[in-house]
Amino acid sequence: MTGAALAGGWPRRWSLSSRGQLGLLCLLLPLGLYLALLVGRYPLAPGQLLAFLLAQAGIGTMAPEQFDLIHTLVWEIRLPRVLAAALIGAALAVSGAAYQAVFINPLVSPGILGVLAGSSFGAALGMVFFSSWLLVQLGSVLGGCAAVAVGLGIGRLFGVQSRMMLVLGGIFSGALFSGLLALVKYLADPYEQLPAIVYWLMGSLGQAGFDDLALYAPWILGSVLILALLGRALDALAMGEDTAATLGVSVARIQLLVILCATLASALTVSLAGMIGWVGLLAPHIARLLIGPLNRLLIPASALLGALFLLAADAVSRTLSSAELPIGVVTELVGLPLFLLVLRNVRRGWGG
Amino acid sequence: MKPLLEALDVHFAYGRAGGRPGGHAVLQGIDLQVMPGEVIALLGANGGGKSTLLRLLLGLLQPARGEVWLGGRRYRRWSRPEIARRVAYVPQSQLVPFPYRVRDLVALGCIARRGLYRRLNHDDDNTVSAALERLQIESLAERNFAELSGGQQQLCLIARALAQRAPLIVLDEPITGLDYGNQWRLLGLIGELSREGYTFIKSTHYPEHALSIASRVLLLQQGRILAQGTPQQVITPDTLRRLYGLEVALHPLADGRTALLPDL
């Protein structure tokens, strides 16, 4: 490491091999998953879980009644929700990181173009007018995409300074779909549908099952993969549209692809588990502190950190009280102090 | 010799989609030929159309009428990477709210040849190192770009343009915001690079800078070319009065240079 590297505040951190840190995060994820399976109303000892997993894999043996008990607890109840937490955390964090690059702003979160409001509206609409769970999910994804389309459309309508107009378009579509959501809530049956909507909007992993995961995982992981492959393009976009174009990037096309992937990933999280805030803003930020701003590494690191963050939040939501807390409430409360940390860093000369 | 870049009867107007005529006319009937090895200075008052012309010359805007040709082909027929291998752009400033290292920022110049997906190889690393060395900013390589001074940032942006290995470099008011020493050091550097074979187009607010290093000057007034030619032909008390509404005396010095003294 050179003297110049030591002199600057930030560089010191990521010259400690960003790749090494990414590798470390990769190792932390299975550990996080393992720990998350232990906690809950009926805590398991680490050894118990290991014995169960070995028995499940056919390597070890275990008393049948104990095996059945742990099987129900771990395999049927905890595992799907733990996997859902990791998947959702990764999706939100990666969309946040991608939107931050496109909007050249470290304080942007996945909701910037109205996708969360749109998805909530779509899901609520599904709950009130169609009672099928599949239609709720579909409505949520379509609502999110519609909101982003409105945001983009408003942005394009006024053209010229497109990034600024996109932000305003996002504010517009966010407000529009929040208004529509309020309307749906008003129309909902106040004894059954309204509480269901409100509870679901707080964010809950309880609904997620293996069949949902099988349906969602390919799309979410696909979006994450595409965004990770676009890492260098995201770096160029973070330099501004004109500069990115003169560096050799087809800006409009790449922007659209990034927005599509980020929108799809975050709309899917809403449809799977409702509104879960802060992850999309905080995880990329912390990842950037650890491994630097290069998106090729930042996107996977954000995914891993987002997954770990949500695993932790889910563990808290399952253990803090005997009745499970909605995970959206937990991330909201845990996220706020972390957000102060973000603000402190942003203030400290991130070009602001 | 063929021109690197050529604008033929270019018109542009803001306010209508695609810059079609009918909105507020910004540029009218611009003709410009950029030959290899030239240093072209673009002078004009604020709002005179300098930035718009630069954006048209970079292919970031499409002319409403007329055509911009790059290497004998219309702009719209080139892809973005093909353009990037021929023209590099140095913006006036670069606000990056993320802590990019100088080296990584300069390496973005390699997109022009390596594309967005292929891994940077040893050759690219050498290109980046050479660009940093050429501007004598190797010591800044590991620093956070956002924390550097304006002058250092400008050098990094030029290094990024060199890493693009494009023969033509377009600079948007590169001198603005730099202190007196950095201004003249940067001009000296542009002169040196032009002797090494690079071609430059730069917009500037300073006639004296145009006099000192430009091989050709283009004066823009309200979207039209007021005059075009060598600095000595074009920068006169008369044109300066018309451009800036200011009486400026030109004093030839014994060593062949000319001093500009505004009469306030």
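Everything in this summary refers to the structure shown in the same document. (Residues numbered from 1 in each chain as written. Chains lettered and ligands numbered in written order. Predicted model: local features only at pLDDT ≥ 70, side-chain atom pairs only at ≥ 80, totals over all residues. Heavy atoms only, no water.)

A closer look at the environment of A149(A)
All names here are of chain A.
- By the secondary structure assignment, A149 is in helix α7 (residues 133–158).
- What makes A149 partly exposed here is its relative accessible area of 45%.
- Spatially, the C-alpha atom of A149 lies 10.0 Å from that of T263, the residues being 114 residues apart in sequence. (Helix = DSSP H or I, 4+ residues; strand = E, 2+ residues; numbered from the N terminus. Buried < 20%, exposed > 50% of the residue type's maximum accessible area, 1.4 Å probe, protein only.)

Examining empty space enclosed by the protein
Residue and element names in this part refer to chain B.
- Under the counting rule described, the total for this entry stands at 2 cavities of 30 Å³ or more.
- Reported here for the largest cavity is a volume of approximately 40 Å³.
- Considering the residues around the largest cavity, the lining is formed by L56, G59, L61, Q62, P63, E67, V68, Y75 and R76.
- Taken together, the residues that form the lining of the largest cavity break down as 5 nonpolar, 2 polar and 2 charged.
- Of the voids in this model, the second largest cavity is the one considered here, and its volume is about 30 Å³. (1 Å grid on protein atoms, 1.4 Å probe; cavity = no way out; pocket = protein on both sides within 12 Å on 5 of 7 lines; lining within 4 Å. Points joined across faces, edges and corners; volume = space filled by probe spheres on them. Nonpolar A, V, L, I, M, F, W, Y, C, P; charged D, E, K, R; others polar.)

Focus: the side chain of T52(B)
Residues and elements named next belong to chain B.
- With respect to the secondary-structure elements, T52 resides in helix α1 (residues 50–57).
- The exposure class assigned to T52 is buried, which follows from its relative accessible area of 7%.
- Every residue in contact with T52, bar those within four places of it in the chain, is listed here: F12, Y14, V26, L27 and L61. (Contact = heavy atoms within 4.5 Å.)

Concerning the state of the cysteines
- On inspection of all chains with the given rule, the structure shows 0 disulfides over all chains.
- As a non-bridged cysteine, C261(A) has C145(A) as the owner of its nearest cysteine sulfur, 11 Å distant.
- Not engaged in a disulfide, the cysteine C110(B) finds its nearest cysteine sulfur in C156(B); these two sulfurs lie 15 Å apart.
- On the basis of relative accessible area, C110(B) is assigned to the buried category, the value being 0%. (Disulfide = S-S within 2.5 Å.)

Brief notes about the sheet that holds strand β8 (residues 199–204) of chain B
Residue and element names in this part refer to chain B.
- Taken in spatial order, the 6 strands line up as β6-β7-β8-β3-β9-β10 in an open sheet, and their pairing is mixed. Looking along the sheet, the strands with just one partner apiece sit at the ends: β6 (87–90) and β10 (224–229). Pairs of neighbouring strands in the sheet enclose a mean axial angle of 15°, with direction left out of account.
- Bridge count between strand β3 (residues 39–44) and strand β9 (residues 216–221): 5 bridges; the pairing is parallel. What sits directly across from G44, in β9, is L220.
- Against the sheet, helix α10 (residues 237–244) engages β3, β9 and β10, with an angle of about 40° to β9. (Pairing = 2+ DSSP bridges. Axes fitted to C-alpha atoms, helices over the stretch in contact; angles between N-to-C directions.)

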